[in-house]
Amino acid sequence: MSRSHHASSLDAQTLVPGTHLTTARLGYRHHGLYAGDGKVLHYGGLHRYLRRRPVEEVSLAQFARGRGFAVVAAGAARFAGAAAVERARSRLGEDRYRLWSNNCEHFVTWALNDAPRSAQVEAWRARLKTSRRPFSDSPTHFDMRLDASTVMSVRPSSPASAANSASSATVI
């Protein structure tokens, strides 16, 4: 659970180093770790024109981009406060962003718990998995395989139609 705040309504002095933050982006939540002194550590990720950006330390205002931010409830983090910030800073400049396996959320959960995890990616994968049914389940799919119990034979249905044998088909 997270508490939402607009960047201007919550003073950076109120935040504690090691606080997990998120901010709204188009179609997802961007994650960062508050480092203290009004700074946030985050994976720059895919930025304008899909340019990949490294792990960087930016101002809270740059992180939020005028959209406000939310504080993610701490839970039982393995590393907290300065220890989490130190871990995150150890990756400054790293440029190995991968949307599905090494994104901003993976980065923050690694810094806090030593376990890179992205609930957003897990949710997207689950949606993709349930929305992609096997082709044979599609109502517009026709199974054209023939087996021993279904043989199609074209033959006249009556002696009168023998002259026009292509006019009828019987499944036998």
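Residues numbered from 1 in each chain as written. Predicted model: local features only at pLDDT ≥ 70, side-chain atom pairs only at ≥ 80, totals over all residues. Heavy atoms only, no water.

Caption draft 1: View of the pairing of strand S2 (residues 20-25). With 5 of its 6 residues buried, S2 lies for the most part within the structure. Across 6 bridges, S2 lies against strand S3 (residues 28-36) in antiparallel orientation. In the sheet register, alanine 24 faces S3, and the bridge partner there is arginine 29. Hairpin connection, S2 to S3: the antiparallel pair is bridged by 2 residues, and glycine 27 has positive phi, about 90°. Inspection of the sheet shows S2 paired to strand S6 (residues 69-72) by 2 bridges, in the antiparallel sense. The residue bridging threonine 22 from the neighbouring strand is alanine 70, located in S6. (Buried < 20%, exposed > 50% of the residue type's maximum accessible area, 1.4 Å probe, protein only. Helix = DSSP H or I, 4+ residues; strand = E, 2+ residues; numbered from the N terminus. Pairing = 2+ DSSP bridges.)

Caption draft 2: Summary view of helix H3 (residues 104-113). Buried residues dominate H3, accounting for 9 of its 10 residues. Within the span of H3, buried status applies to Cys104, Glu105, His106, Phe107, Val108, Thr109, Trp110, Ala111 and Leu112. The N-cap of H3, judged by a side-chain oxygen 2.8 Å from the amide nitrogen of glutamate 105 a few residues on, is asparagine 103. Among the residues trailing H3, aspartate 114 stands out with phi positive, at a value near 60°. (Polar contact = N/O pair within 3.5 Å; in protein donor to acceptor, adjacent residues only side chain to side chain.)

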